[in-house]
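# Coordinates in review
Letter by letter, the chains look like this.
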Amino acid sequence: MKDKLQRARLFEQKYHPNLSKFDQPRFHVTGGIGWINDPNGFSVYQGEYHLFYQYYPYDTKWGPMHWGHVKTSDFIRWNRLPCALAPEESYDKDGCFSGGAIELPDGRHLLMYTGVRNKRRSNGVVDGYQTQCLAVGDGTNYKKYEGNPVLDAKDLPEGGSPIDFRDPKIWFEDGKYWAVIGNRPADGSGSILLFESENGFQWKFSSVLSSCHNQYGKMWECPDFFELDGKHVLLTSPQNMTSMGLEFHPGNSTLCIIGRYDRDRRHLLRDNTQAIDYGTDFYATQSLLSLDGRRIMIAWMQSWESSGCKLKGLPFCGQMTLPRELSIRDGRLIQNPVREIEAYRSTKVSYRNVMISDETNLQGVFGRFLDMTVTVRPSNREHMYRYFKIFVAKDGERVTMIRHKPENNTIRVDRSRSGFPHDIVNVRDFPIASHNELKLRLIMDRYSLELFVNDGEQSASFVLYTPVSADSISFSCDGAAIIDVEKYDIEV
Ligand code: FRU
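Everything numeric in this text was worked out from a predicted model, so none of it was measured. Positions within a chain are numbered from 1, following the residues in the order the chain's sequence is written. Two thresholds apply to this predicted model, a pLDDT of at least 70 for residue-level local features and 80 or more for giving and counting side-chain atom pairs, whereas whole-chain, interface and lining totals are computed over all residues. Side-chain calculation: all heavy atoms of the structure are included, whereas hydrogens and water are not.

## Some remarks on the state of the cysteines
Here a disulfide denotes one covalent bond, and it connects the sulfur atoms of two cysteines. Note on disulfides: each one is a pair of cysteine sulfur atoms within 2.5 Å. Within the structure shown, the criterion is met by 0 disulfides. Unpaired in this structure, Cys256 has its nearest cysteine sulfur neighbour in Cys212, at a distance of 15 Å. Cysteine Cys309 is unpaired, with the sulfur of Cys317 as its nearest cysteine sulfur at 8.7 Å.

## Brief notes about the domain arrangement of the protein
In this entry, domain limits derive from an automatic or database-based domain assignment. Segmenting the protein into domains produces domain 1 (3-340) and domain 2 (343-490). For this analysis, residues touch if any pair of their heavy atoms sits within 4.5 Å. Between domain 1 and domain 2, the contact holds 41 residues from the first and 36 residues from the second. Throughout, the accessible surface (probe 1.4 Å) given up by two parts as they are put together, summed over both, is called the buried area. Here domain 1 meets domain 2 over a buried area of about 3,300 Å², counting both sides, of which 53% is carbon and sulfur. Each reported salt bridge corresponds to a side-chain nitrogen of Lys or Arg within 4 Å of a carboxyl oxygen of Asp or Glu. At the boundary of domain 1 with domain 2, the tally comes to 3 salt bridges. N or O atoms closer than or at 3.5 Å make up a polar contact, with two conditions inside protein: a donor-capable atom paired with an acceptor-capable one, and, for residues adjacent in sequence, both atoms drawn from side chains. At the surface where domain 1 touches domain 2, the tally comes to 33 residue pairs in polar contact (both at pLDDT 80 or more). Helical segments are the DSSP runs of H or I of at least four residues, strand segments are the runs of E of at least two, and each set is numbered from the N terminus. Of all the secondary structure elements, the ones that give two or more residues to the side of domain 1 that touches domain 2 are β20 (324-329) and β21 (332-337). It is β21 that provides the largest number of residues to the side of domain 1 that touches domain 2, a total of 6 residues. Grouping the constituent residues of the side of domain 1 that touches domain 2 by class yields 17 nonpolar, 11 polar and 13 charged. Each residue is assigned to one of three groups, with Ala, Val, Leu, Ile, Met, Phe, Trp, Tyr, Cys and Pro labelled nonpolar, Asp, Glu, Lys and Arg labelled charged, and all others, Gly among them, labelled polar.

## With respect to empty space enclosed by the protein
Cavity means a closed set of points on a 1 Å grid over the protein atoms alone, one where a 1.4 Å probe fits but cannot get out, pocket means an open set with protein on both sides within 12 Å along at least 5 of 7 lines, and lining means a residue has an atom within 4 Å of a point. Grid points are joined across faces, edges and corners, and a volume is the space filled by probe spheres set on the points. Considering all chains together, one arrives at 2 cavities of 30 Å³ or more under this definition. Space inside the largest cavity adds up to approximately 50 Å³. Pro39, Ser98, Gly99, Asp167, Pro168, Lys169, Cys222, Pro223, Ala284, Thr285 and Gln286 are the residues that line the largest cavity. For the lining of the largest cavity, the secondary structure elements donating two or more residues are β5 (96-103), β9 (165-173), β13 (220-228) and β17 (283-289). Reported here for the second largest cavity is a volume of approximately 40 Å³. Of the residues contributing to the lining of the second largest cavity, the split by class is 4 nonpolar, 2 polar and 1 charged. Per-domain counts for the lining of the second largest cavity show at least three residues from each of domain 1 (3-340) and domain 2 (343-490).

Encoded structure:
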């Protein structure tokens, strides 16, 4: 084993056995120790689901990127595996950046990732040259391919930047391997390139699948491309986005393009675009097709903008979202928590037709590890309420608020008082569709809140650092609403 990989594994062996379960979420993936960002290599391998991630084991901040590794059979209970890749070859010495994975017909697990190699210009500026590399393994140990890199600057279309050429996502279709990779074209924004391979090892450029043309941010990172409910979907995470009304948020944002795939030109024709998630903490999605045929997506539940913001003393920084089942309804991307979470529900508490006007607590409705659905109806359709609010992660000082404002049909989540010792973006507003009733599903797991609106029409993900003792939940309404509540604790 090479030195850096061995060092990372020894470090893990020292610290992993001592992880306190009181620091960690129960069912969301973290690195255990150290820093994580993007999910990588989310794939089925020998009947289990493997997830790798951008990882720096030695500190709770970003550093030379390794690939950490976990696996699961149900997306809820994860087993830690040793660090899979470390940056130590000439072509990846400055980082093993994001990528994908696939099971080969001969039973080996193929990882495709971006190798980064920094070069200093005469004026001192450092450029990270990015190439695509492979590693092959058995689900625990991976060996980098002797033919690395398999794609580099000479494989790019004219004008493509070798400094922004990263994040391959690989799949097999029609007898071939395919990979989508983000690149910066001559217009300075982003594009998603398609590459093809007969055997997974020799690759060539195929087409420009989709281009940003400076419309949706700049460089497009972490692409994923798949068929879903008769459409084709491209997910990507643009840098330097500016908001468009309430649809996207500035900075590192997310973009879902739903369209039709022109197989002759190998080009995606756009029907609709939308943000993927409307919370403060969501970036860099990756998906797989589950053994029973569901498209399951996971993402990094954090944002680059607030990535330095963490709780002092926590051994890890960064978590993944709960994996989500994707579908398309009325031309929009629908996301719902994986159904496997239902097997971990306990202590059901339910209420029907409770009238809410003043702030109300309901007996048994509290907690920080939960799956709770609240269905809201106005008490009188002629007199719509002005605001309906749910307060969670609450004690005398701290609270996180979810608010529905029917006047412009928006949801606001405000986590200004959620335990962060940092001045960061704490409030998000997003538009929702009108229905006879509003359905809000909340998944909470110690340090997070994921909100799913109207059976997955919108999702919004938030990191909360509120102490776990702040577990009170209450409801209030400016006007009057009738609610149903179904709440379960999640025990893993
Ligand atoms: C996205 C990203 C990727 C890159 C990785 C580096 O969050 O910037 O484009 O591969 O993180 O850690």
